[in-house]
Amino acid sequence: MQIKIKEFQMIIPTQEQINIVHAIKNEERIKIRAFAGAAKTTTLELIANSYKSRKILYLTFNKANEQEAKKRFKDNSNVTVKTIDALAYANIAKYAKKIKIRNIVNYKEIDIAKLYNISFLEAKEVFTIFNNYCNSDKHYIDIDQSKEDYEYSELAQRLYDEMETGVIEPSFAMIKKHFETMLKDDTIGYLDFDILMLDEGQDINPVQISIFNNIPAKRRILVGDDHQQIYSFNNSINAMKRVKGTLFHLTETFRYNKEIAAIANKILQRFKAEENKIVSNIEVIENPEIKTEAYISRTNAELIKKIAELISEENYNFNTLKDPDIIFTFAIELFYFLAKENHLIKKNKKFFSSFNSTSELETYINEIEDNELSTIIKIVKEYGAKIISFYEITKENYDKGQNGLILTNAHICKGFEFDKVIIADDFADFAYIIAKAGYESYQDYIVNINKVPSFYTDEINLFYVAVTRAKQICDLSDSTTYLQVSCDLDVLNFRIKKEYDALQRKRKGLF
């Protein structure tokens, strides 16, 4: 079987892909569980090319994914590519005229406090209830007068109602929720598709799942990788487990070689109890040509540390995927705080105004065990005002476009690939993660892996995402995290027990 993807380009699909394409004839709901680099977008292209007479809607996770997908599907006139946000925006503008769609506001707690003349803490409660509702598939906000916080719920409902009736501008979360409500109420007439496809199914929230379930479509295809779920802190959940459908697998990677596949398999088998194996037929080349190279960290602090190191060595041939303003702002304002120039602090004014001295800030960092803050304060103390020049050089490089060594966080490099990847040494200590999740041995953890909260396993997934961005070389020489992937289980068990006992003593106040 050969399928034409683009003009003059023929591919021979794998048997897994052929099975998925054929299944669409009979299956109303399909879930595609695709390992990193396992040609999920190519599989969706195969579907689009195999069913050219069908009207297809492809929903993407974010704007960057949408732009990439539009390039891939530009020759497929039967395919409409949209983000969920864009689809919601267009339909609210068309069918909900009262909502001030042209003036969407990114509200903060201070805005809610001013709107309703309440304290910041009260505003935080109201805003939390409001956002939880907007991100849910619930029909209404629960207002139970027997509950202590029912007044907050009433205000959250008022906030939603005032956005809906045009009294105040809507928020981004409200737009999605109102779109979902309209779909449930069947007040949108023109949406009707033969095939609906949704990508990144492991990182969407309940309201997005409900949108996927309620858009009129004869066939629904959800694509994702459980092991690339890394946004639990944003209330995302793994829809691959929540949505019903016939499950198919894509296990063959076309991105990375056998050596990198072996590393990825070790991570997933040891720490995620994955039974399926990633398959790669790409041979290892002894001295491959390296055209693209990336340094991938867990935190912004580690990126600043690497930038300081490069500039100190007079190596200016680097760039960042993330805007340097986002990477450096906190560090620069920390420098102002340490230098007692608080009048220069703008973005993090509220945070730094909570501390009267450096020692108070350091006590706070130690008590909450914030490793990133701890690293940043060390860097700022070491380099002082040079931090500002580091930012200026990085910003100048960023404005010129991508070149040289690419510096990035694991969270934003999903969807990217590089010939060579260097893994930074700031990823989670897996032994500590397992102990913190409440398990004193590896065996206890792995037996209960399906019960472990996702905000713990996200850290393991993040390491897997970073490793699988590499195509030819994955440099793990500085990674102490990888030592726990490759060490004997007895050694890992010893580490877990040590961390567990330390946490228990700390909870009991023994040190």
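Structural data are supplied above this passage.
Here the residue numbers are simple positions, counted from 1 along each chain's written sequence. Under the rules for a predicted model, residues below a pLDDT of 70 receive no local features and side-chain atom pairs below 80 are neither given nor counted, while totals for whole chains, interfaces and linings still include all residues. Think of the side-chain values as coming from all heavy atoms in the structure, minus any hydrogens and water.

Student: What's the story with the pairing of strand S13 (residues 405-409) in this structure? I'm lost.
Tutor: For S13, the tally of buried residues reaches five of five residues, placing the bulk of the element in the interior. Because side chains alternate across S13, one face comprises the buried residues Leu-405, Leu-407 and Asn-409, and the other comprises Ile-406 and Thr-408, equally buried. At least two DSSP bridges between two strands are required for those strands to pair. Runs of H or I in DSSP of at least four residues are treated as helices and runs of E of at least two as strands, each being numbered from the N terminus. Relative to S13, strand S11 (residues 293-297) runs parallel, the two sharing four bridges. The residue bridging Ala-294 from the neighbouring strand is Ile-406, located in S13. Sheet topology note: the strand S12 (residues 318-320)/S13 ladder contains three bridges and is parallel. From the neighbouring strand, Thr-320 faces S13, where its bridge partner is Leu-407. With a 1.4 Å probe rolled over the protein chains alone, any residue whose accessible area is under 20% of its type maximum counts as buried; one over 50% counts as exposed, and the rest are partly exposed.

Student: Would you mind going over the layout of surface pockets with me for this structure?
Tutor: Picture a little ball the size of a water molecule; that probe, rolled over the atoms, points out where space is still empty. Approximately 1,300 Å³ is the volume found for the largest pocket. Looking at the largest pocket, it is lined by 46 residues, and the ones nearest its centre are Thr-41, Glu-68, Arg-255, Gly-415 and Phe-416. At the level of elements, strand S1 (3-6), strand S2 (9-11), helix H2 (40-50) and helix H3 (63-72) are the ones that each hand at least two residues to the lining of the largest pocket. With seven residues, H3 is the largest single contributor of residues to the lining of the largest pocket. Only Asp, Glu, Lys and Arg are considered charged, only Ala, Val, Leu, Ile, Met, Phe, Trp, Tyr, Cys and Pro nonpolar, and every remaining residue, Gly among them, polar. Here the residues of the lining of the largest pocket sort into 18 nonpolar, 13 polar and 15 charged. Here the term cavity refers to a set of points on a 1 Å grid, laid over the protein atoms alone, in which a 1.4 Å probe fits but cannot get out; the term pocket refers to an open set having protein on both sides within 12 Å along at least five of seven lines, with lining residues being those that place an atom within 4 Å of a point. Grid points are joined across faces, edges and corners, and a volume is the space filled by probe spheres set on the points.

Student: Help me understand the sheet that holds strand S5 (residues 79-83), please; the structure alone is not making it clear to me.
Tutor: To summarise the sheet geometry, strands pair through backbone hydrogen bonds and adopt either a parallel or an antiparallel arrangement. Taken together, six strands build an open sheet; the order of strands is S5-S4-S6-S7-S3-S8 and the sheet is parallel. Every other strand in the sheet has two partners, leaving S5 and strand S8 (246-250) as the edge strands with one partner each. Neighbouring strand axes in the sheet, compared pairwise and without regard to direction, differ in orientation by 20 degrees on average. Direction of pairing for strand S6 (residues 193-198) relative to strand S7 (residues 217-224): parallel, over a ladder of five bridges. Of the residues in S7, the one forming a bridge with Phe-193 is Ala-217. Residue contacts are counted whenever heavy atoms from the two residues lie within 4.5 Å of one another. Here an axis means a line fitted to C-alpha atoms, over the contact stretch when the element is a helix, while the angle between two N-to-C directions is reported on a 0 to 180 degree scale. Relative to the sheet, H2 contacts strand S3 (29-34), strand S4 (56-60), S5, S6, S7 and S8, its axis offset from that of S7 by approximately 160 degrees. Strand contacts of helix H4 (residues 84-95): S4, S5 and S6, with the helix running at about 95 degrees to S5, the strand carrying the most contacts.

Student: Quick question: what am I supposed to make of the nonpolar core here?
Tutor: Nonpolar side chains in soluble globular proteins generally cluster together in the buried interior. Ranked by size, the top nonpolar core spans 75 residues in total, and within it Ile-47, Ile-221, Ile-423, Tyr-445, Phe-463, Tyr-464 and Val-467 carry the most contacts. Element by element, the count of residues in this core is highest for helix H20 (residues 454-467), at eight residues. Apart from the residues within four sequence positions on either side, Ile-423 is in contact with Ile-296, Phe-463, Ala-466, Val-467, Cys-474, Asp-475, Leu-476, Asp-478 and Ser-479. Residues Ile-112, Leu-159, Ile-211 and Leu-222 belong to the second largest nonpolar core, which totals 49 residues. Joining through side-chain atoms within 4.5 Å is the link that ties buried Ala, Val, Leu, Ile, Met, Phe, Trp, Tyr and Cys residues into a set, and such a set is a nonpolar core.

Student: How should I be thinking about the side chain of Ser-136 in this particular structure?
Tutor: If you trace the backbone, Ser-136 turns up in the loop between helix H6 (120-134) and helix H7 (150-164). Polar contact criterion, stated in full: a pair of N or O atoms within 3.5 Å, where within protein one must be able to donate a hydrogen and the other to accept it, and residues adjacent in sequence count only if both atoms are side-chain atoms. Among the polar contacts listed, one links the side chain of Ser-136 to the backbone nitrogen of Lys-138, at a separation of 3.1 Å. Setting aside residues no more than four positions away along its own chain, Ser-136 makes contact with Lys-177, Glu-180, Pro-206 and Val-207.

Student: Please explain the environment of Cys-487 as it appears in this structure.
Tutor: As for its placement among the helices and strands, Cys-487 is situated in the loop between helix H21 (480-486) and helix H22 (489-507). Distance in space between the C-alpha atoms of Cys-487 and Asp-323 is 37 Å, their sequence separation being 164 residues.

Student: Mind showing me how you'd approach the side chain of Thr-394 here?
Tutor: Within the secondary structure layout, Thr-394 lies in helix H17 (residues 386-400). A relative accessible area of 0% means that Thr-394 is categorised as buried. At a separation of 2.7 Å, a polar atom in the side chain of Thr-394 contacts the main-chain carbonyl oxygen of Phe-390. Leaving out residues up to four positions away in the same chain, Thr-394 has contacts with Ile-307, Phe-318, Thr-320, Pro-324 and Phe-328.

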